[in-house]
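# Survey of secondary and tertiary structure
The residues making up each chain are set out below.
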Amino acid sequence: MNFMKSSPSKYDKENPFTEPTIAEQWARSIEGERGLWRDQILYPAMNSWLNAFNHGDTVVLDIGSGQGRSSVELNGYGKYIGIEPSKFLTNRAKELYSSENRSFVVGNAYEIPLVDESVHGAISINVWFHLADLNKASQELSRVLKTGGAFFINTADNDSLETWKSFYVNPEIDDKKMQGEVKVPINNVALNTFYFQPNEEVIRTLERNGLKVTKVTKSLEVDGHTLFVMIEGIKI
């Protein structure tokens with residue numbers, strides 16, 4: 001598959017992971033996280049989603065692919081394309097998971113370097129709550145998905161904001177977001193941005209862009225509150 005040329009983006013400043021030090025901290029945590037929520041809940045759910053429409057030569061896009069771990073946790077696709085704004089994480093993905101049917105490309109959720117209607121399915125894991133412009137991201141997701149194509153978004157459950165706030169160390173908070181050092185399972189990440197986006201608004205924005213939500217599932221309960229919500233659907 002040919003990729004559109006990617007150049008430095010005005011959106012890069014929105015994502016702390018474009019800084020190599022922050023990206024390395026994130027990579028260390030994900031690579032060390034085994035046997036926890038991702039393995040127990042997320043990856044099985046992703047595979048159930050893929051199995052529902054996979055036809056062997058399915059092209060799957062991963063928006064915000066990090067260092068590419070989902071490329072080996074999903075089973076049975078024809079081709080995997082990981083789009084990631086961090087050059088450090090993209091290079092790490094190539095180092096760890098390169099194969100003939102996997103591509104790792106620098107890009108972001110607002111400017112996906114693919115032509116229209118080029119993928120059968122798209123996943124985005126823990127990216128949506130880092131985005132300031134949900135409408136732009138939803139437009140791009142809709143643009144690159146084939147009609148009838150499926151999507152799987154895992155994002156923060158905004159019904160549990162107080163629990164999420166407890167994971168941040170002295171964050172700066174305004175009416176739109178919080179930002180600061182965050183505790184993740186293996187090690188802290190020095191800078192992370194969390195945008196306040198009601199779950200209902202996430203769903204409405206997807207559907208305004210021709211992305212019909214068919215299933216919403218909450219997961220990972222902490223102190224009586226769920227941390228994540230999995231949103232599945234199709235492009236109509």
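As the structure is a prediction and not an experimental result, all values here were calculated from the model.

### Brief notes about the packing of helix 1 (residues 20–32) against helix 4 (residues 87–97)
Each pair of packed helices can be summarised by the angle the axes make with each other and by the distance between the axes. The interhelical angle for the contact between helix 1 and helix 4, taken along N-to-C directions, is 40 degrees, at an axis separation of 9 Å. It follows from the interaxial angle that helix 1 and helix 4 lie oblique. In this structure, helix 1 uses Pro20, Ala23, Glu24, Trp26, Ala27 and Glu31 to contact helix 4, whose residues at the interface are Phe88, Leu89, Arg92 and Leu96. In the contact of helix 1 with helix 4, the residues fall into 7 nonpolar, no polar and 3 charged.

### Describing the side chain of Gln25
Note on placement: Gln25 falls in helix 1. In contact with Gln25, not counting residues within four places along its chain, are Asn187, Asn188, Val189 and Ala190.

### Comments concerning helix 1
Compared with the 18 Å implied by 1.5 Å per residue over 13 residues, the 18 Å span of helix 1 between its first and last C-alpha is a close match. Buried-residue contacts for helix 1 involve helix 2 (37–51), helix 4 and strand 8 (189–195).

### Some points on helix 7 (residues 199–208)
If you check which residues of helix 7 are buried, you get Asn199, Val202, Thr205 and Leu206. Down the axis of helix 7, the buried side of the element spans an arc of 130 degrees, and every buried residue falls inside it. Among the structural elements, helix 5 (134–144), strand 5 (145–156), strand 9 (211–222) and strand 10 (225–235) are those in contact with the buried residues of helix 7. Count one or two residues on from helix 7 and you reach Gly210, which has phi positive near 80 degrees.

### As for the pairing of strand 4 (residues 119–125)
Of all the 7 residues making up strand 4, 6 are buried; the element is thus mostly covered by neighbouring parts of the structure. Pairing between strand 1 (residues 59–63) and strand 4: 3 bridges, direction parallel. In the strand pairing of strand 4, Leu61 is matched with Ala122. Here 6 bridges tie strand 4 to strand 5, and the two strands are oriented parallel to one another. Along strand 5, the bridge assignment pairs Ala122 with Phe151.

### Focus on the environment of Leu131
Along the polypeptide, Leu131 turns up in the loop between strand 4 and helix 5. The exposure class of Leu131 is buried, given its relative accessible area of 8%. Those residues in contact with Leu131 that sit more than four places away from it in its chain are Glu14, Ala109, Tyr110, Ala137, Tyr195 and Gln197.

### Here's the deal with the packing of helix 5 against helix 7
It is at 9 Å that the axes of helix 5 and helix 7 come closest, and there the two elements cross at 45 degrees. Between helix 5 and helix 7, the crossing angle belongs to the class labelled oblique. For the element pair helix 5 and helix 7, the recorded crossing hand is right-handed. Packed against helix 5, whose contacting residues are Leu134, Asn135, Ser138 and Leu141, the element helix 7 presents Val202, Thr205 and Leu206 at the interface. Looking at the contact of helix 5 with helix 7, its residues break down into 4 nonpolar, 3 polar and no charged.

### Some points on the sheet that holds strand 6 (residues 168–173)
Two strands in a sheet stick together by hydrogen bonds in their backbones, pointing the same way (parallel) or opposite ways (antiparallel). With respect to topology, 3 strands assemble into an open sheet ordered 6-7-8, the strand pairing being antiparallel. Strands at the two margins of the open sheet, each flanked by one partner only, are strand 6 and strand 8. Strand-to-strand twist of the sheet, defined as the mean angle between neighbouring strand axes without regard to direction, takes the value 25 degrees. Two elements, strand 6 and strand 7 (residues 177–182), share 4 bridges in a ladder whose sense is antiparallel. Counted as the bridge partner of Ile173 is Met178 from strand 7.

Definitions and limits used
Residues numbered from 1 in each chain as written. Predicted model: local features only at pLDDT ≥ 70, side-chain atom pairs only at ≥ 80, totals over all residues. Heavy atoms only, no water. Axes fitted to C-alpha atoms, helices over the stretch in contact; angles between N-to-C directions. Helix = DSSP H or I, 4+ residues; strand = E, 2+ residues; numbered from the N terminus. Parallel < 35°, antiparallel > 145°, perpendicular 65-115°, else oblique. Contact = heavy atoms within 4.5 Å. Nonpolar A, V, L, I, M, F, W, Y, C, P; charged D, E, K, R; others polar. Expected span 1.5 Å × (residues − 1). Buried < 20%, exposed > 50% of the residue type's maximum accessible area, 1.4 Å probe, protein only. Arc of directions from axis to C-beta. Pairing = 2+ DSSP bridges. Left-handed = near helix turned anticlockwise from the far one by under 90°.

Honestly, that's just the spatial picture; any functional story needs more than this.
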